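Spelled out from the first residue to the last, the chains are:
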Amino acid sequence: MSVDDPENLLRDTLDSLASTTNPSPDAYVRARAEWQRRDRRRRLVMLALAVLIVVVADIVGLWALHSFAEPDAPPRKDRIDVVVQP
């Protein structure tokens, strides 16, 4: 091994490090399941938040329409004749 070639030295070091590791046979499956679980949870939280915002906006809108509407006039006891012109 030559000291003048750092690329080969780094390659040999990484190869020896890689040869001592033992990968878990189901590591990818576990990592993918965890990612899918987090993604599903994130989507459900966003859906619940969107539904909550829509419901609150509807309630506020209906309340505003009801509270600012003019009250119905009381029924008149006077007789009102309708005049129709030919």
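Structure's up top.
Note that the structure is a prediction, hence the values are computed from the model and not measured. (Residues numbered from 1 in each chain as written. Predicted model: local features only at pLDDT ≥ 70, side-chain atom pairs only at ≥ 80, totals over all residues. Heavy atoms only, no water.)

1. A short note on the overall build of the chain
So, point 1. Across its full length, the chain holds two helices and zero strands.
So, point 2. A compact globule built from 86 residues would reach a C-alpha radius of gyration of about 12 Å, whereas the chain, at 37 Å, exceeds it by more than 25%.
So, point 3. Counting the 86 residues in the chain, one finds 1% classified as buried.
So, point 4. In the chain, 12 positive and 13 negative side-chain charges are present, and the distance between their average locations comes to 11 Å. (Helix = DSSP H or I, 4+ residues; strand = E, 2+ residues; numbered from the N terminus. Rg over C-alpha atoms; globule rule 2.2 N^0.38 Å. Buried < 20%, exposed > 50% of the residue type's maximum accessible area, 1.4 Å probe, protein only. Lys, Arg positive; Asp, Glu negative; His and termini not counted. Charge placed at Lys NZ, Arg CZ, Asp CG, Glu CD.)

2. Some words on the packing of aromatic side chains
So, point 1. Taken as a whole and judged by the stated rule, the model has one aromatic pair.
So, point 2. Aromatic pair Trp-63 and Phe-68: ring centres 6.4 Å apart, planes at 65°, arrangement edge-to-face. In this structure, Trp-63 and Phe-68 share a single accessibility class: exposed. (Phe/Tyr/Trp six-rings, centres within 6.5 Å; stacked < 30°, edge-to-face > 60°.)

3. Points about a nonpolar patch on the surface
So, point 1. The grouping of Val-45, Met-46, Leu-49, Leu-52, Ile-53, Val-56 and Val-60 at the surface amounts to a nonpolar patch, some 630 Å² of accessible area in total.
So, point 2. For Leu-52, the location among the structural elements is in helix α2 (residues 27-67). (Patch = residues over 30% accessible without salt bridge, like charges linked within 9 Å, V, L, I, M, F, W, Y side chains within 5 Å. Areas by Shrake-Rupley, 256 points an atom, 1.4 Å probe, with all protein chains shown as cover. Salt bridge = Lys/Arg side-chain N within 4 Å of Asp/Glu carboxyl O.)

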